[in-house]
Amino acid sequence: MTETGLQPEALPANPEVTGGTRDLMSKFDALIAERQALIDTGVTDPFAIVMDEVRSPTQAVIAGRETILLGTYNYMGMTFDPDVIAAGHAALDQFGSGTNGSRMLNGTFRDHMEVEQALRDFYGVSGAIVFSTGYMANLGMISTLAGKGDYVILDADSHASIYDGCKQGVAEIVRFRHNDVTDLDKRLGRLPKDAGKLVVLEGVYSMLGDIAPLKEMVAVAKKHGAMVLSDEAHSMGFFGPNGRGVYEDQGLEGQVDFVVGTFSKSVGTVGGFCISDHPKFEAIRLACRPYIFTASLPPSVVATAAASIRKLATAHEKRAQLWDNARTLHAGLKAQGFKLGTENCDSAIIAVILEDQTQAVAMWQALLDGGLYVNMARPPATPAGTFLLRCSLCAEHTPEQIARVIAMFRAAGQAVGVIG
């Protein structure tokens, strides 16, 4: 449930020792106790949900119960697409289950080249590099791009992978207030004019589903001579006329230097990537440790990703359906009196804000018992210390499912006392 880069609260020191030395696991005692206290209330352990069976992008069996999935990032519903599955089967049969090597050694197969070409075509750029996860894409790009004496400037609510990319590197880190263009301008203005600067932004923020004012932020970054990296993990596939993300939707193609994304959301498999038109972009392969020193993705995974990306390029009806689903749910929950993370439907993420952990847990459990899975999130993972239930829409949700979801939220909200 920890998505943002906000750091966990400090754990109390524990003098417990084993054999004359401190037990390194003792620092987790507070977390263990907190989890156990939650389980002792009789609720399902939210950290141990098991999908017994997944029947479609929107339907699963959990604990023997038919359950609507509203807590995945399967935005475009590509996980069961016949062409995507067929591509994976063919690669598995032809190349086996894994690569047994890094991309720098024996780990580049035909389909690794194909998925990178699919990304170049999808984004209309000259460069594309695939990483083993989206997390590693941010980790690798940020730590490699910004070196000693450079600056990384990031939104305070940035994803954990962005924060960890900063930690992995040696650049100076500067944070600005969430989505605050004025604060970004002020902090950039305080930095040395001749220093290298990388402004890291996100198109859609994963907890509340709010979008960044990228157009204004990119203009400020360029005014101060900074390069821009935009993480479009939660917008690829359905923002913009070609589904490239918020930066395309806001008319910023050619102005954002690097775009990071993931295969684990709209693409429907696993992996990460960065695309760019920078003429020296290929040098990243020679210097990026998270790219060099890890095994490459299995051929069946990149084959499914390539097939999915090719289809997403023309998935206009799916994009329209996803937006219709999101707007319908947002309007329905708002009409019931729920407090939502955004006033308008800004993305395919809809956050229902709750008062405290007790209310959040009770509401989450009531929904699960009724056959609906959503994500529960709480501090320190959430912005401003909020407790929330996070809904992620899919293009494959039917109107009937959306109506059932609204009805289930109404029943659970009334039972728990969230709404009247």
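Here the structure is shown first, and the text comes after it.
Residues numbered from 1 in each chain as written. Predicted model: local features only at pLDDT ≥ 70, side-chain atom pairs only at ≥ 80, totals over all residues. Heavy atoms only, no water.

Caption draft 1: Spatial organisation of the overall build of the protein chain. Along the protein chain, the regular secondary structure elements total 14 helices and 16 strands. Here the protein chain has a C-alpha radius of gyration of 22 Å; the compact-globule value for 420 residues is 22 Å, and the two agree. Expressed along its principal axes, the backbone C-alpha trace of the protein chain runs to roughly 60 × 55 × 50 Å. By the burial criterion, 54% of the 420 residues in the protein chain qualify as buried. Taking as baseline every contact in the protein chain between residues at least 6 positions apart, the subset at least 24 positions apart corresponds to 68%. When the accessible surface of the protein chain is split by element, carbon and sulfur atoms take 55% of a total near 17,800 Å². One finds the centroid of the 36 positive side-chain charges in the protein chain at a distance of 5 Å from the centroid of its 47 negative side-chain charges. (Helix = DSSP H or I, 4+ residues; strand = E, 2+ residues; numbered from the N terminus. Rg over C-alpha atoms; globule rule 2.2 N^0.38 Å. Buried < 20%, exposed > 50% of the residue type's maximum accessible area, 1.4 Å probe, protein only. Contact = heavy atoms within 4.5 Å. Areas by Shrake-Rupley, 256 points an atom, 1.4 Å probe, with all protein chains shown as cover. Lys, Arg positive; Asp, Glu negative; His and termini not counted. Charge placed at Lys NZ, Arg CZ, Asp CG, Glu CD.)

Caption draft 2: Spatial organisation of helix α13 (residues 357-369). In this model, α13 (13 residues) spans 18 Å end to end at C-alpha, consistent with the 18 Å of a helix rising 1.5 Å per residue. Taken together, the buried positions of α13 are occupied by Q359, A360, V361, M363, W364, Q365, L367 and L368. By the N-cap criterion, in which a side-chain oxygen at the helix start approaches the backbone nitrogen of a residue two or three places on, α13 is capped by D356, the distance to T358 being 3.3 Å. Directly after α13, the chain includes G371, whose backbone phi takes a positive value near 95°. (Expected span 1.5 Å × (residues − 1). Polar contact = N/O pair within 3.5 Å; in protein donor to acceptor, adjacent residues only side chain to side chain.)

Caption draft 3: Structural context of the environment of V199. Assignment of secondary structure puts V199 in strand β9 (residues 197-202). Considering only alpha carbons, one finds V199 and M236, 37 residues apart in sequence, at a separation of 20 Å.

Caption draft 4: Region of the structure containing the nonpolar core. Judged by nonpolar contacts, the single largest core of 96 residues is most densely connected at Y123, L329, L389 and F409. In terms of residue count, the dominant contributor to this core is helix α11 (residues 299-312) (seven residues). Every residue in contact with L389, bar those within four places of it in the chain, is listed here: I350, A351, V352, L354, A360, M363, W364, L367, V374, N375, M376 and F409. Ranked by size, the runner-up nonpolar core spans 25 residues in total, among them I129, A171, F258 and Y291. (Core = buried A, V, L, I, M, F, W, Y, C linked by side-chain atoms within 4.5 Å.)

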